[in-house]
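Structural overview
So the chains spell out like this:
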Amino acid sequence: MSYVETETASQPECWRRAVDVAADRAPALPAGGERVAVVGCGTSYYMAQAYAALREASGQGESDAFAASEFPFGRPYDRVVALTRSGTTTEVLGLLNRLRGTTRTVAVTADPHTPVSDAADELVVLDFADERSVVQTRFATTALTLFRAHLGLHTDEVVRDAEKALAQPLPDGVLECTQFSFLGRGWTVGIANEAALKMKEASLSWTESYPAMEYRHGPISIATAGTATWMFGAAPEGLAEQVRATGARWVESGLDPLADLVRVQRLAVARAAARGLDPDLPRHLTRSVVLEGTPGA
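This report concerns the structure included in the present document. Note that the structure is a prediction, hence the values are computed from the model and not measured.

Here we look at the overall build of the protein chain
When you go through the protein chain residue by residue, the secondary structure sums to 10 helices and nine strands. For 297 residues, the compact-globule estimate of 2.2 N^0.38 gives 19 Å, and the C-alpha radius of gyration of the protein chain, at 19 Å, lies within 12% of that figure. If you line up the protein chain on its principal axes, its C-alpha atoms span 55 × 40 × 35 Å. The proportion of buried residues among the 297 residues of the protein chain is 54%. Looking at the protein chain alone, contacts between residues at least 24 apart form 72% of all its contacts between residues at least 6 apart. Summed over all atoms, the accessible surface of the protein chain reaches about 12,200 Å², with 50% contributed by carbon and sulfur.

A few points about the packing of helix H6 (residues 138-150) against helix H10 (residues 257-274)
Packed helix pairs are specified by the crossing angle of their axes together with the interaxial distance, meaning the distance between the axes. In contact at an axis separation of 11 Å, H6 and H10 are set at 180° when each is read in the N-to-C sense. One way to sum up the angle between H6 and H10 is to call them roughly antiparallel. Every residue of H10 that contacts H6 at Thr141, Leu144, Thr145 and Arg148 is listed here: Leu258, Leu261 and Gln265. Counted by class, the contact of H6 with H10 contains three nonpolar, three polar and one charged residues.

As for the sheet that holds strand S9 (residues 249-251)
Strand order in this open sheet of four strands is S7-S6-S8-S9, and the pairing throughout is parallel. What marks the edges here is a single partner per strand, and that holds for strand S7 (206-211) and S9. Sheet twist, expressed as the mean angle between neighbouring strand axes with direction ignored, is 20°. Strand direction decides the pairing type here: strand S6 (residues 179-184) and S7, joined by six bridges, are parallel. Each residue of the ladder has a partner; that of Phe182, found in S7, is Ser209.

Side note on the nonpolar core
Counting 61 residues, the largest nonpolar core has Val108, Leu126, Leu144, Leu146, Phe182 and Phe232 as its most contacted members. The element best represented in this core is H10, accounting for eight residues. In this structure, Phe182 is in contact with Ala192, Ala195, Ala196, Met199, Thr207, Glu208, Ser209, Tyr210, Trp230, Phe232 and Val264, ignoring residues within four places of it in sequence.

Topic: helix H7 (residues 156-167)
Between its first and last C-alpha, H7 extends 17 Å over 12 residues, near the 16 Å set by a 1.5 Å rise per residue. For H7, every residue scored as buried is listed here: Val158, Val159, Asp161, Ala162 and Ala165. Down the axis, H7 shows its buried residues gathered within 155° of arc, on one side only. With respect to the buried face of H7, the exposed residues turned more than 90 degrees away are Asp156 and Ala167. Buried residues along H7 sit against helix H2 (11-24), H6 and H10.

Focus on the pattern of salt bridges
In this structure the tally under the stated criterion is 13 salt bridges. Residue Asp64 pairs with Arg75 through a salt bridge whose shortest N-O separation is 3.7 Å. One end of the pair, Asp64, is in strand S2 (residues 63-67); the other, Arg75, is in the loop between S2 and strand S3 (79-84), with 11 residues separating them in the sequence. Under the relative-accessibility criterion, Asp64 is labelled partly exposed at 21%. When its relative accessible area of 37% is taken as the criterion, Arg75 is described as partly exposed. For Lys164, the salt bridge identified is with Asp161, shortest N-O distance 3.9 Å. Taken together, the residues Lys164 and Asp161, both in helix H7 and three residues apart, mark about one turn of the helix. Given the relative accessible area of 38%, Lys164 is considered partly exposed. Beyond isolated ion pairs, a larger network of salt bridges with shared partners links Glu13, Arg16 and Glu163.

Some points on helix H4 (residues 90-99)
Listed as buried for H4 are Thr90, Val92, Leu93, Leu95, Leu96 and Leu99. Looking at the buried side of H4, the elements it contacts are strand S1 (36-40), S3, strand S4 (104-109) and helix H5 (116-119). Count one or two residues on from H4 and you reach Gly101, which has phi positive near 85°.

Conventions we followed
- Residues numbered from 1 in each chain as written.
- Predicted model: local features only at pLDDT ≥ 70, side-chain atom pairs only at ≥ 80, totals over all residues.
- Heavy atoms only, no water.
- Helix = DSSP H or I, 4+ residues; strand = E, 2+ residues; numbered from the N terminus.
- Rg over C-alpha atoms; globule rule 2.2 N^0.38 Å.
- Buried < 20%, exposed > 50% of the residue type's maximum accessible area, 1.4 Å probe, protein only.
- Contact = heavy atoms within 4.5 Å.
- Areas by Shrake-Rupley, 256 points an atom, 1.4 Å probe, with all protein chains shown as cover.
- Axes fitted to C-alpha atoms, helices over the stretch in contact; angles between N-to-C directions.
- Parallel < 35°, antiparallel > 145°, perpendicular 65-115°, else oblique.
- Nonpolar A, V, L, I, M, F, W, Y, C, P; charged D, E, K, R; others polar.
- Pairing = 2+ DSSP bridges.
- Core = buried A, V, L, I, M, F, W, Y, C linked by side-chain atoms within 4.5 Å.
- Expected span 1.5 Å × (residues − 1).
- Arc of directions from axis to C-beta.
- Salt bridge = Lys/Arg side-chain N within 4 Å of Asp/Glu carboxyl O.

Here it is as structure tokens:
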């Protein structure tokens, strides 16, 4: 069994523990009314997108998400939240170091014994969700669970849905599909982006992701027999019927969207196995991007 399979299977328990961390470390996380930016790279950036959308939609305050390399330093924020599993990513460290003394920062990390401990004003540690696989699964979803719990948006039903996502068979026919389009609305746009990335990383699959209402504006032209369109959460009216009319496979579930992401993680591993790939060690990737000679490295 690969590391990523073991780590994927451990997510329900990690999510339960994240709820306790959210309660214990609440003062370190953004308070209601603060203007907040959430940053990360790769998977962490997509979790930042999901969190920012959830926070603003729940009335907690203006919330933006940025790739760490694209942060707008001229824009004022009350707090910047950085997601970094390794605590060593060059762009995140450079950003935190540049903000030191001007903007309050908090880093959510799996490893407190890394440079991020000096770069951020405060740390929230999810060491129980750290991973040996290069491909992120449980750290990302555990961090988002932490945020959802802090916002009062997490329930025990989410964990039960994750257990279902681990136990149920994958949707019929998806393993054989040649292309995947992942769709979301609101906070699940970030989930869709992460699903597409996971499939690329682990199984070298051809994937894309969009806000669901944008899918009709061009991308649906790729849908045909042998492709799949996967919806996270409630679909726009009539979209499922339009996709099925193309001959493509339509995939949705009644699960919480974060739990539904677990199904995509499982699919990525299954496709990797079918293609003879190692899902723990995607080609050209490392656990953390550390750029020599760059500020923050």
